[in-house]
Amino acid sequence: MKLRWVKFADDQAHLESLFMGKNCKALKINSTAVLLVKHQGEIHLVKNRCPHQGITLENAKCEDGKIVCPWHHYGFDLKNGRGAGLYLDIYPIEKREDGFYAGFEYFSIF
Ligand code: FES
């Protein structure tokens, strides 16, 4: 799968500031609505739309490695997106010398 890497934070301090004191923070990266998630010491980036009925996951909770939708409480694995027979899109994060990058499938951001 070909990925387009998009820088979204300059360094660790910038990354932390994006959370604004929360564990889940909605962002737009190149017009893609994503959710930046901090859970058990790891940072994840997922699509900010539940694959069940499409609502925002901004007020979701994280439990046992899953993000739990606030509407019907389906849980989706933060590493592979699986849950309830559905898949939540997840995006890889890469730390480079000049900052943090998110990987999007080539067609998904335009
Ligand atoms: S809308 Fe998320 S579980 Fe139903």
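The structure displayed is predicted, hence computed values, not measured ones.

### Some thoughts on the state of the cysteines
In the structure shown here, the tally under the stated rule is zero disulfides. Cysteine Cys24 remains unbridged, with the sulfur of Cys62 as its closest cysteine sulfur at 4.4 Å.

### Let's talk about the side chain of Lys25
Positionally, Lys25 belongs in strand S2 (residues 24-29). Summary of buried charges: Lys25 has no salt-bridge partner, and the nearest side chain of opposite charge, Glu58, is 4.6 Å away. Each residue touching Lys25, except ones within four places of it in the same chain, is listed here: Leu18, Phe19, Met20, Val34, Leu35 and Leu36.

### Thoughts on the sheet that holds strand S7 (residues 75-77)
One open sheet accounts for three strands, arranged S5-S6-S7; its pairing is antiparallel. Strands at the two margins of the open sheet, each flanked by one partner only, are strand S5 (61-63) and S7. Shown here is a sheet whose adjacent strand axes are inclined to one another by a mean of 30 degrees, direction ignored.

### Focus on the packing of aromatic side chains
Following the criterion strictly, the structure yields one aromatic pair and no others. Between Tyr91 and Phe104 the ring centres are 4.8 Å apart and the planes differ by 45 degrees, which places this aromatic pair in the tilted class. Placement of Tyr91 in strand S10 (residues 90-91) and of Phe104 in strand S12 (residues 99-105) is noted, with a sequence separation of 13 residues between them. Across this residue pair, the class does not change: Tyr91 and Phe104 are buried. Positioned above the aromatic ring of Tyr106, the side-chain terminus of Lys2 is 4.7 Å from the ring centre. Here Arg96 stacks its cationic end above the ring of Tyr101, 4.2 Å away from the centre of that ring.

### So, the pairing of strand S3 (residues 32-39)
Counting buried residues in S3 gives six out of eight residues, a clear majority hidden from the surface. In the sheet, S2 pairs with S3 via six bridges, with the strands oriented antiparallel. Bridge pairing links Lys28 to Ala33 in S3. Between the antiparallel neighbours S2 and S3 lie two residues, among them Asn30 with a positive phi of about 50 degrees. Summarising the sheet, S3 and strand S4 (residues 42-47) pair through six bridges and their orientation is antiparallel. Following the sheet pairing, Lys38 is matched in S4 by Ile43. Where S3 folds back on S4, the antiparallel hairpin that results is connected by two residues, among which Gln40 adopts a positive phi of roughly 50 degrees.

Thresholds applied
- Residue numbers here run from 1 along each chain, matching the order of that chain's written sequence.
- In keeping with the model being predicted, local features are shown solely for residues with a pLDDT of at least 70 and side-chain atom pairs are shown and tallied solely at 80 or more, while totals for entire chains, interfaces and linings include all residues.
- Only hydrogens and water are set aside; all other atoms, that is, all heavy atoms of the structure, feed into the side-chain values.
- Working definition: a disulfide is two cysteine sulfur atoms within 2.5 Å of each other.
- Helix and strand assignments follow DSSP, with helices taken as H or I runs no shorter than four residues and strands as E runs no shorter than two, numbered in order from the N terminus.
- Three exposure classes are used, based on accessible area relative to the maximum for each residue type with a 1.4 Å probe and protein chains only: buried under 20%, partly exposed in between, and exposed over 50%.
- When charges are tallied, Lys and Arg are placed among the positive residues and Asp and Glu among the negative ones, while His and the ends of the chain are skipped.
- When a carboxyl oxygen of Asp or Glu lies within 4 Å of a side-chain nitrogen of Lys or Arg, that pair is called a salt bridge.
- Whether two residues are in contact is decided by their heavy atoms: any pair within 4.5 Å suffices.
- At least two DSSP bridges between two strands are required for those strands to pair.
- Axis angles are defined between N-to-C directions and span 0 to 180 degrees, where every axis is a line fitted to C-alpha atoms and, for a helix, only to the segment in contact.
- By convention, a stacked pair of Phe, Tyr or Trp rings (six-membered ring in the case of Trp) has centres within 6.5 Å and planes under 30 degrees apart, an edge-to-face pair has planes over 60 apart, and any other such pair is tilted.
- Criterion for a charge above a ring: Arg CZ or Lys NZ at most 6 Å from the ring centre, at most 35 degrees from the ring normal.

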